[in-house]
Amino acid sequence: MKINISRKDALLKRIPLAVVALLFWGFALGAQQKDQQPPAKAPATEYKIPPEAAAKANPVKPTSESLARGRKMYGYDCAMCHGKDGDGKGDMASDYKNVTDFTKPEALKSRTDGELFYIIRNGKGDDMPPEGDRAKDDEIWNMVNYIRSLAKK
């Protein structure tokens, strides 16, 4: 039985040494990580629309029916950022930078309908989430027609 007490005493004497060693190792690891800088963020890549997408013609005529359908979809998916009236002042606009004001004719002057379709379908980097496969092509073309109609003349 005396042997067991000796082993127990030896073990108890080693525990504080092990705890000190673990604490020292933990502090050393923490200091090493503190000195390391986070990896540099990759520069933003330029947003490019494929030429074939930009050249795509809008097959949906901007009839009153098309505009009404586009307005409805716009209300669901776009107004929260671009604003109810397309002025770029929606409830979530402050979360993003450079929200387009569709009421200004020059805002979309250099954009083709194909480019607008592509942006709505695929999004625009971190600035605009994509519509993706939630909408059919005709629904997106209706939104393109409606967005074009928002420009004050």
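Shown above is the structure to which this text applies.
**Student:** Looking at this structure, I do not really get the nonpolar core. What am I missing?
**Tutor:** Nonpolar side chains tend to gather and get buried jointly when the protein is soluble and globular. Membership of the largest hydrophobic core comes to 18 residues, with the highest contact counts inside it found for Tyr74, Phe102, Ile120, Ile140, Met143, Val144 and Ile147. The element best represented in this core is helix H7 (residues 137-149), accounting for six residues. Leaving out residues up to four positions away in the same chain, Phe102 has contacts with Tyr74, His82, Gly86, Leu108, Ile147, Leu150 and Ala151.

**Student:** Where do I start with helix H6 (residues 113-122) in this structure?
**Tutor:** Note on helix geometry: an α-helix contains 3.6 residues per turn, so any two residues three or four positions apart are oriented the same way. Where burial is concerned, most of H6 is hidden: seven out of the ten residues are buried. Of all the positions in H6, only Gly114, Glu115, Leu116, Phe117, Ile119, Ile120 and Arg121 are classed as buried. Of the residues trailing H6, Gly123 is marked for its positive phi of about 80°.

**Student:** Explain the packing of H6 against H7 to me, please; I cannot follow it from the model alone.
**Tutor:** Working note: a packed helix pair is described by the angle between its axes plus the distance between those axes. Between H6 and H7, the shortest axis-to-axis distance is 9 Å and the interhelical angle comes to 120°. When the axis of H6 is compared with that of H7, the two are oblique. As for the relative orientation of H6 and H7, their crossing is right-handed in sense. In this structure, H6 uses Asp113, Gly114, Leu116, Phe117, Ile120 and Arg121 to contact H7, whose residues at the interface are Asp137, Ile140, Trp141, Met143, Val144, Ile147 and Arg148. A class-by-class count of the residues in the contact of H6 with H7 yields eight nonpolar, one polar and four charged.

**Student:** Any chance you could explain the packing of aromatic side chains here in plain terms?
**Tutor:** Any pair of aromatic rings gets described here by the distance separating the centres and the angle formed by the planes. Counted by the stated rule, this structure contains two aromatic pairs. Between Phe117 and Trp141 the ring centres are 4.4 Å apart and the planes differ by 25°, which places this aromatic pair in the stacked class. Of the two residues, Phe117 sits in helix H6 while Trp141 sits in helix H7, which places them 24 residues apart along the sequence. For the pair shown, Phe117 and Trp141 are each scored as buried.

What counts and what doesn't
- Residue positions are given per chain, counting from 1 as you read along its sequence in written order.
- For this predicted model, a pLDDT threshold of at least 70 governs which residues receive local features, and a threshold of 80 or more governs which side-chain atom pairs are given and counted, while totals over whole chains, interfaces and linings are taken from all residues.
- Excluding hydrogens and water, the side-chain figures rest on all heavy atoms present in the structure.
- To qualify as a nonpolar core, a set must consist of buried Ala, Val, Leu, Ile, Met, Phe, Trp, Tyr and Cys residues joined through side-chain atoms within 4.5 Å.
- Each residue is placed in one exposure class: buried if its accessible area under a 1.4 Å probe, protein chains only, is under 20% of its type's maximum, exposed if it is over 50%, and partly exposed if it falls in between.
- Numbering of helices and strands runs from the N terminus; a helix is a DSSP stretch of H or I covering at least four residues, while a strand is a stretch of E covering at least two.
- Pairs of residues are marked as contacts when any of their non-hydrogen atoms sit within 4.5 Å.
- Axis definition: a line fitted to C-alpha atoms, over the contacting stretch in the case of helices. Angles run 0 to 180 degrees between N-to-C directions.
- In what follows, roughly perpendicular refers to angles from 65 to 115 degrees, roughly parallel to angles under 35, roughly antiparallel to angles over 145, and oblique to any angle outside these ranges.
- Crossings are classed by handedness, with left-handed meaning an anticlockwise turn of the near helix from the far one by less than a right angle and right-handed meaning a clockwise turn.
- In this count, Pro and Cys sit with the nonpolar residues alongside Ala, Val, Leu, Ile, Met, Phe, Trp and Tyr, while Asp, Glu, Lys and Arg are called charged and the others, Gly among them, polar.
- Pairing of aromatic rings covers Phe, Tyr and the six-membered ring of Trp, with a centre-to-centre limit of 6.5 Å; geometry is then stacked below 30 degrees between planes, edge-to-face above 60, and tilted otherwise.

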